[in-house]
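This is what each chain is made of:
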Amino acid sequence: MTAFPSLNDRKKARRLVVVLGDQLDRNAAPIVEIDKDRDVVLMMEVEEESTHVPSHKQRTALFLSAMRHFAVELAESGARVDYVTLDDPRNSHAFTTEIERAVRTHKPESIHCTHPGEWRVLGMVESWRDRFGVPVEVHEDGHFFTTLDAFGSWASGRKSLTLEYFYRDQRKKHGVLMQPDGKTPVGDVWNFDKDNREAFKRTPRPPEPYAPRPDEITNEVLDLVESRLPKNPGELGSFRWPVTPDEARRALDDFIEHRLARFGPYEDAMWTEQPFLYHSLLSSSGNLKLLDPREAVRRAVGAYEAGAAPLNSVEGFVRQWLGWREFIRGVYWTQGPGYPNRNGLGHRGRLPELYWTADTDMACMRDCVSQVLEHGYAHHIPRLMVMGNLALIARVDPREVGDWYLGMFVDAVDWASCPNTIGMSQHADHGVVGTKPYAASGKYIARMSNYCEHCRYDVKQRTGVDACPFNSLYWDFLIHHEDRFKPNNRMAMILKNVKRMNEFQRVELTSSAKNARERLGVIG
Ligand code: FAD
Ligand code: SF4
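Rules behind the numbers
- Residues numbered from 1 in each chain as written.
- Chains lettered and ligands numbered in written order.
- Predicted model: local features only at pLDDT ≥ 70, side-chain atom pairs only at ≥ 80, totals over all residues.
- Heavy atoms only, no water.
- Helix = DSSP H or I, 4+ residues; strand = E, 2+ residues; numbered from the N terminus.
- Buried < 20%, exposed > 50% of the residue type's maximum accessible area, 1.4 Å probe, protein only.
- Contact = heavy atoms within 4.5 Å.
- Near = heavy atom within 4 Å.
- Nonpolar A, V, L, I, M, F, W, Y, C, P; charged D, E, K, R; others polar.
- Core = buried A, V, L, I, M, F, W, Y, C linked by side-chain atoms within 4.5 Å.
- Pairing = 2+ DSSP bridges.
- Axes fitted to C-alpha atoms, helices over the stretch in contact; angles between N-to-C directions.
- Parallel < 35°, antiparallel > 145°, perpendicular 65-115°, else oblique.

Would you mind going over the side chain of S285 in detail, with residue names and values included?
Considering the arrangement of structural elements, one finds S285 in helix α11 (residues 283-287). Judged by relative accessible area, S285 falls into the buried class, the value being 1%. Other than its neighbours up to four places away in sequence, S285 contacts P242, A248, L290 and L291.

Below you can see the structure in the form of structure tokens.
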């Protein structure tokens, strides 16, 4: 049994340094500045964080194992670490009451922590000063390329926040894939998206990604999660996630060597029982701060410079880290604490049960939800264009969708999950993240995957018992929101098709969609 540091020495602390589960950056300011004799590091495994939304067992296990590795490493370096385990009988299972207990024990002069990744937690941190009568210092999270102030300055005064402009500024500012003049992109184009939309059809089977073998700490955590949270969703058997910076670096090495070169062309492709294809699987390592995004970008650019990977793949990967990831975080913090509750399209349906069970005759949903239950993972396109798309066009309440995404993915932290779900996927933020909704019929899924070949539904039919449910739901969604979307130029083309429909076609589609929504359990 691994021994976890638990400090009861009641020796007064100068600083109480609180480290949360997604703050495992060994180079974070509060960690680097630790005085090993006088400061105490507090880490807490609280059940509240695994139950405020139903959390996938692998997500909980990943956080706990990575936290324990961090604590052991810190304690071995001589730091005083007070680590509260999930099964500690004194654990009150909420951050604030655990801080209160630690303040009573260690009597710190001040409390320090890195800026949290969630409005809810920031609210808690801001209450500590008044509650405990101890000064609290929140340090900038140096893990990201962009500070929150820098993003705020970039965003202020702009009518809309557009990823492409932000991304180009990032490339120039950080000198990534730029020609010597510092203004022109390498290859003379900023964006290779048009080269990066191949279906998977003719490619050889992708190499199996590196998966670290669970060590003693991880195995203990897996047992603990199974015994303590047996009713939480998801399976633990295929746990494969890096839990230390060393493992995260190996996962990056493996990706750069074996999958980066094909990352670009197959970025949007989906294939039955191939959840990973050429994706990096690095998001959880980044979000727990085991992997520095500068390292991910530096290594990818290095592969291009060494001639080991083509520009379209490297640019695609750089765009994800330097562009999307930083942009999404910036959006989250500019939109305020009410962001997770937005419902710009007024959707009120219930999330179908199949999101928890994968029990459905829709082949695409069965495969994608099964991946999530098995791995706590699906790449961007199943998240956006299959599972998110169905919830959007079936008009499910975005809050229910948001809770599902936040709980079910190993990389889910609020700053990343919320804008991707509420904004990009459900278009519930009045178009802050995307100027048009990511809604699609079955045709898109048929083009980008082989799912429809094995499905009991016919992707070519719009109505009738054998018609692909995505089709009627998609057209019904457009009919339902026709007036709302009219002023949006980017919707003009598609709305022309809606306008062309006669009354009979409209009624047929909306009643077919109503049947589909009833069958799914979205409406009762
Ligand atoms: P790759 O495809 O290999 O991409 C490389 C890296 O780029 C990722 O590891 C990730 O760190 C970053 N990245 C790419 N796109 C985004 C993005 N849109 N936002 C933030 N980072 C990005 N990502 C999360 O990290 N956490 C989430 O909770 C999350 N929820 C999502 C919910 C929905 C509805 C959608 C549509 C997307 C969500 N994403 C989320 C973004 C993206 O799907 C994942 O980052 C990606 O699939 C992770 O797999 P990967 O590491 O193999 O990524
Ligand atoms: Fe999915 Fe429709 Fe294709 Fe079936 S036919 S796999 S439901 S898109």
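Tell me what's going on with the site of ligand 2, and back it up with residues and numbers.
Close to ligand 2 lie M362, A363, C364, G442, I445, Y451, C452, C455, Y457, V459 and C468. Among the residues making up the shell around ligand 2, the classes are represented as 10 nonpolar, 1 polar and no charged.

Account for the environment of R158, with residues named and values stated.
Mapped onto the secondary structure, R158 falls in the loop between α6 (148-155) and α7 (163-174). Under the relative-accessibility criterion, R158 is labelled partly exposed at 35%. The spatial distance from the C-alpha of R158 to the C-alpha of G388 is 28 Å, given a sequence separation of 230 residues. Discounting chain neighbours no more than four positions away, the residues touching R158 are Y165 and D169.

An account of the nonpolar core is requested, with residue identities and associated values reported.
Counting 147 residues, the largest nonpolar core has L260, M365, M387 and F470 as its most contacted members. When residues of this core are assigned to their parent elements, the largest contribution, 12 residues, is made by helix α13 (residues 311-334). The contacts of M387, once residues within four sequence positions are left out, are Y355, M365, C368, V369, V372, A378, P382, W404, Y405 and F409. Ranked by size, the runner-up nonpolar core spans 22 residues in total, among them V18, M124, W128 and V134.

Give me the lowdown on the sheet that holds strand β2 (residues 40-44), citing residues and values where you can.
The 5 strands lie next to each other as β3-β2-β1-β4-β5, forming an open sheet whose pairing is parallel. Bordering the open sheet on either side are β3 (80-84) and β5 (136-139), each of which pairs with just one other strand. Averaged over all pairs of adjacent strands, the angle between strand axes in this sheet comes to 25 degrees, irrespective of strand direction. The strands touched by helix α5 (residues 119-132) are β1 (15-18), β4 (110-114) and β5; relative to β5, the strand with the most contacts, the crossing angle is about 165 degrees.

How would you summarise the packing of α13 against helix α18 (residues 414-425) if you had to cite specific residues and measurements?
Between α13 and α18, whose axes approach to 8 Å, the crossing angle comes to 85 degrees. In terms of their interaxial angle, α13 and α18 are classed as roughly perpendicular. Each of W324, R325, I328, R329, V331, Y332 and W333 in α13 lies in contact with α18, whose residues at this interface are D414, W415, A416, C418, P419, N420 and M424. A class-by-class count of the residues in the contact of α13 with α18 yields 10 nonpolar, 1 polar and 3 charged.

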